[in-house]
Amino acid sequence: LDAGLVKGKPALAYPARRSGSDFVGSYVQATSPDGSAFNAPVDVFPIATGHYGIWLIDAGGHPAIVRALSSTNLGFARANDADGSSWAAPQDIGAFPTVNETRLNADSPHGIPTLIFRDSANNDELMVQRATDAQGSGWLPPMIGAPELGEHPSMEWVASGLAVSYGLGGDLWYRKIN
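Cut-offs applied
- Residues numbered from 1 in each chain as written.
- Predicted model: local features only at pLDDT ≥ 70, side-chain atom pairs only at ≥ 80, totals over all residues.
- Heavy atoms only, no water.
- Salt bridge = Lys/Arg side-chain N within 4 Å of Asp/Glu carboxyl O.
- Helix = DSSP H or I, 4+ residues; strand = E, 2+ residues; numbered from the N terminus.
- Phe/Tyr/Trp six-rings, centres within 6.5 Å; stacked < 30°, edge-to-face > 60°.
- Buried < 20%, exposed > 50% of the residue type's maximum accessible area, 1.4 Å probe, protein only.
- Pairing = 2+ DSSP bridges.
- Axes fitted to C-alpha atoms, helices over the stretch in contact; angles between N-to-C directions.
- Polar contact = N/O pair within 3.5 Å; in protein donor to acceptor, adjacent residues only side chain to side chain.
- Contact = heavy atoms within 4.5 Å.

### Some words on the pattern of salt bridges
Point 1. Summed over all chains, the structure comprises one salt bridge.
Point 2. For the salt bridge of Asp83 with Lys9, the shortest nitrogen-to-oxygen distance reads 3.0 Å. Taken together, the residues Asp83 in the loop between strand S7 (73-78) and strand S8 (91-95) and Lys9 in strand S2 (residues 9-19) connect sequence positions 74 residues apart.

### Details of the packing of aromatic side chains
Point 1. Counted by the stated rule, this structure contains two aromatic pairs.
Point 2. Measuring from ring centre to ring centre gives 5.3 Å for Tyr27 and Trp87, while their planes differ by 65°; the resulting arrangement is edge-to-face. In this pair, Tyr27 is assigned in strand S3 (residues 22-29) and Trp87 in the loop between S7 and S8, connecting sequence segments 60 residues apart.
Point 3. Classification of Tyr27 by relative accessible area gives buried; the value is 1%.
Point 4. Looking at Trp87, the relative accessible area reads 14%, which means it is buried.
Point 5. With a centroid separation of 5.6 Å and 75° between ring planes, the pair formed by Phe76 and Trp139 is classed as edge-to-face. Linking Phe76 in strand S7 with Trp139 in the loop between strand S11 (125-130) and strand S12 (143-146), this pair joins segments that are 63 residues apart in sequence.

### Here's the deal with the sheet that holds strand S14 (residues 161-168)
Within a sheet, neighbouring strands are paired by backbone hydrogen bonds and run either parallel or antiparallel to one another.
Point 1. With antiparallel pairing, the three strands of this open sheet are ordered in space as S13-S14-S15. Two strands lie at the open edges of the sheet, namely strand S13 (151-158) and strand S15 (171-177), each paired on one side alone. When the angles between neighbouring strand axes are averaged without regard to direction, this sheet yields 20°.
Point 2. Pairing of S13 with S14 involves six bridges; the strand directions are antiparallel. Across the sheet, residue Ser154 finds its bridge partner in S14, namely Ser165.

### Considering the side chain of Lys9
Point 1. Since its relative accessible area comes to 15%, Lys9 is described here as buried.
Point 2. In this structure the side chain of Lys9 is engaged in a polar contact, spanning 3.0 Å, whose partner is the side chain of Asp83.
Point 3. Among all residues touching Lys9, those that are not within four sequence positions of it are Gly4, Gln29, Ala30, Thr31, Ser32, Pro33 and Asp83.

Okay, here's the thing in C-alpha coordinates:
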(Lines give C-alpha, C1' and ligand atoms only; values in the text may rest on other atoms or scores of the structure.)
Protein backbone atom coordinates (compact mmCIF):
# COMPACT_ATOMS: atom_id res chain seq x y z
CA LEU A 1 0.00 0.00 0.00
CA ASP A 2 1.25 3.47 -0.82
CA ALA A 3 -0.49 6.83 -0.53
CA GLY A 4 0.24 10.22 -2.03
CA LEU A 5 -1.16 13.32 -3.65
CA VAL A 6 -1.78 13.39 -7.39
CA LYS A 7 -2.83 16.78 -8.77
CA GLY A 8 -3.55 17.86 -5.19
CA LYS A 9 -5.95 14.98 -4.43
CA PRO A 10 -5.28 11.98 -2.14
CA ALA A 11 -4.59 8.74 -4.01
CA LEU A 12 -3.75 5.14 -3.12
CA ALA A 13 -2.00 2.27 -4.89
CA TYR A 14 -2.56 -1.10 -3.29
CA PRO A 15 -2.69 -4.86 -3.92
CA ALA A 16 -6.28 -6.14 -4.09
CA ARG A 17 -7.44 -9.75 -4.09
CA ARG A 18 -9.81 -10.40 -6.99
CA SER A 19 -10.35 -14.17 -7.07
CA GLY A 20 -8.80 -16.99 -5.08
CA SER A 21 -5.13 -16.14 -4.65
CA ASP A 22 -4.98 -13.73 -7.61
CA PHE A 23 -3.97 -10.18 -6.77
CA VAL A 24 -4.02 -7.02 -8.88
CA GLY A 25 -2.34 -3.66 -8.35
CA SER A 26 -5.19 -1.17 -7.98
CA TYR A 27 -5.40 2.63 -7.96
CA VAL A 28 -7.99 4.92 -6.45
CA GLN A 29 -8.05 8.74 -6.23
CA ALA A 30 -10.21 11.15 -4.26
CA THR A 31 -12.67 13.29 -6.17
CA SER A 32 -11.64 16.38 -4.17
CA PRO A 33 -8.59 17.65 -2.24
CA ASP A 34 -10.19 16.93 1.16
CA GLY A 35 -10.55 13.20 0.41
CA SER A 36 -14.21 13.13 1.43
CA ALA A 37 -15.15 10.88 -1.53
CA PHE A 38 -13.23 8.62 -3.92
CA ASN A 39 -13.62 7.50 -7.53
CA ALA A 40 -14.11 3.79 -8.22
CA PRO A 41 -10.84 1.79 -8.01
CA VAL A 42 -9.07 0.88 -11.26
CA ASP A 43 -7.19 -2.42 -11.63
CA VAL A 44 -3.85 -1.61 -13.28
CA PHE A 45 -1.86 -4.88 -13.50
CA PRO A 46 -1.67 -8.42 -12.13
CA ILE A 47 0.57 -9.20 -9.16
CA ALA A 48 1.90 -12.65 -8.42
CA THR A 49 0.97 -14.29 -5.14
CA GLY A 50 3.47 -13.18 -2.53
CA HIS A 51 3.92 -9.73 -4.11
CA TYR A 52 6.84 -7.72 -2.82
CA GLY A 53 5.69 -4.13 -2.86
CA ILE A 54 3.88 -1.31 -4.60
CA TRP A 55 4.77 2.39 -4.78
CA LEU A 56 2.70 5.34 -6.03
CA ILE A 57 4.38 8.34 -7.67
CA ASP A 58 3.30 11.43 -9.60
CA ALA A 59 5.02 11.12 -12.99
CA GLY A 60 4.64 14.32 -14.94
CA GLY A 61 1.18 15.07 -13.50
CA HIS A 62 -0.12 11.54 -14.00
CA PRO A 63 -0.27 8.82 -11.34
CA ALA A 64 2.20 5.99 -11.85
CA ILE A 65 2.86 2.77 -9.99
CA VAL A 66 6.11 0.89 -9.51
CA ARG A 67 5.52 -2.65 -8.39
CA ALA A 68 7.72 -5.57 -7.51
CA LEU A 69 6.76 -8.50 -9.71
CA SER A 70 8.92 -10.86 -7.67
CA SER A 71 11.89 -10.63 -5.33
CA THR A 72 14.11 -9.69 -8.29
CA ASN A 73 11.94 -7.97 -10.90
CA LEU A 74 10.21 -4.57 -11.08
CA GLY A 75 7.51 -3.16 -13.33
CA PHE A 76 6.06 0.29 -14.05
CA ALA A 77 2.65 1.56 -15.18
CA ARG A 78 1.54 5.19 -15.78
CA ALA A 79 -1.98 6.52 -16.17
CA ASN A 80 -2.97 8.04 -19.49
CA ASP A 81 -4.77 10.87 -17.67
CA ALA A 82 -4.31 12.94 -14.50
CA ASP A 83 -7.18 11.21 -12.68
CA GLY A 84 -5.92 7.67 -13.28
CA SER A 85 -9.10 6.45 -14.96
CA SER A 86 -7.17 4.94 -17.91
CA TRP A 87 -3.73 3.29 -17.80
CA ALA A 88 -1.02 2.43 -20.31
CA ALA A 89 0.11 -1.18 -20.46
CA PRO A 90 2.52 -2.08 -17.64
CA GLN A 91 6.21 -2.26 -18.55
CA ASP A 92 8.93 -4.51 -17.20
CA ILE A 93 11.74 -2.31 -15.86
CA GLY A 94 14.10 -5.24 -15.59
CA ALA A 95 15.82 -7.57 -13.20
CA PHE A 96 17.11 -6.29 -9.88
CA PRO A 97 19.38 -8.36 -7.65
CA THR A 98 17.58 -7.34 -4.45
CA VAL A 99 14.07 -5.96 -4.11
CA ASN A 100 12.88 -5.49 -0.55
CA GLU A 101 10.46 -2.89 0.75
CA THR A 102 13.04 -1.55 3.22
CA ARG A 103 15.64 -1.27 0.46
CA LEU A 104 13.71 0.25 -2.44
CA ASN A 105 11.96 3.56 -2.96
CA ALA A 106 10.33 5.17 -5.97
CA ASP A 107 9.77 8.87 -6.60
CA SER A 108 9.61 11.30 -9.51
CA PRO A 109 12.00 14.24 -9.11
CA HIS A 110 11.07 16.74 -11.83
CA GLY A 111 8.34 14.37 -13.02
CA ILE A 112 10.76 11.62 -14.11
CA PRO A 113 10.21 8.22 -12.43
CA THR A 114 13.27 7.29 -10.39
CA LEU A 115 14.14 4.23 -8.29
CA ILE A 116 16.67 3.80 -5.51
CA PHE A 117 17.47 0.24 -4.48
CA ARG A 118 20.04 -1.96 -2.78
CA ASP A 119 22.08 -4.05 -5.23
CA SER A 120 23.39 -7.28 -3.73
CA ALA A 121 25.39 -7.96 -6.91
CA ASN A 122 27.41 -4.77 -6.26
CA ASN A 123 28.44 -5.07 -2.60
CA ASP A 124 24.96 -3.99 -1.42
CA GLU A 125 25.48 -0.49 -2.78
CA LEU A 126 22.48 1.78 -3.11
CA MET A 127 21.80 2.27 -6.81
CA VAL A 128 19.68 4.90 -8.58
CA GLN A 129 17.88 4.29 -11.85
CA ARG A 130 15.86 6.92 -13.77
CA ALA A 131 13.39 6.66 -16.61
CA THR A 132 14.20 8.50 -19.81
CA ASP A 133 10.85 10.36 -19.71
CA ALA A 134 7.73 10.88 -17.57
CA GLN A 135 5.99 7.98 -19.36
CA GLY A 136 8.70 5.55 -18.26
CA SER A 137 9.06 4.37 -21.85
CA GLY A 138 12.76 3.63 -21.32
CA TRP A 139 15.14 3.36 -18.36
CA LEU A 140 18.77 4.47 -18.05
CA PRO A 141 21.32 2.02 -16.61
CA PRO A 142 21.58 2.10 -12.80
CA MET A 143 24.25 4.33 -11.22
CA ILE A 144 25.74 4.22 -7.74
CA GLY A 145 23.79 6.34 -5.26
CA ALA A 146 25.81 5.40 -2.18
CA PRO A 147 28.72 2.97 -1.88
CA GLU A 148 27.31 1.12 1.12
CA LEU A 149 24.38 -0.88 2.37
CA GLY A 150 21.42 1.32 3.25
CA GLU A 151 17.96 0.85 4.70
CA HIS A 152 14.80 2.89 4.05
CA PRO A 153 16.26 5.01 1.23
CA SER A 154 14.59 8.19 0.06
CA MET A 155 15.47 10.79 -2.57
CA GLU A 156 14.73 14.37 -3.55
CA TRP A 157 15.81 16.83 -6.22
CA VAL A 158 18.04 19.38 -4.44
CA ALA A 159 19.84 22.34 -6.08
CA SER A 160 19.76 20.86 -9.60
CA GLY A 161 20.81 17.37 -8.56
CA LEU A 162 19.44 14.22 -7.01
CA ALA A 163 20.13 13.61 -3.32
CA VAL A 164 19.59 10.35 -1.42
CA SER A 165 19.19 9.71 2.28
CA TYR A 166 19.23 6.38 4.07
CA GLY A 167 19.87 4.66 7.38
CA LEU A 168 23.10 2.81 8.04
CA GLY A 169 24.22 1.26 11.32
CA GLY A 170 21.83 3.37 13.39
CA ASP A 171 22.96 6.60 11.68
CA LEU A 172 21.28 8.73 9.02
CA TRP A 173 23.19 9.48 5.82
CA TYR A 174 22.72 12.07 3.07
CA ARG A 175 24.51 12.04 -0.26
CA LYS A 176 24.22 14.31 -3.33
CA ILE A 177 24.38 12.59 -6.74
CA ASN A 178 25.37 14.59 -9.81
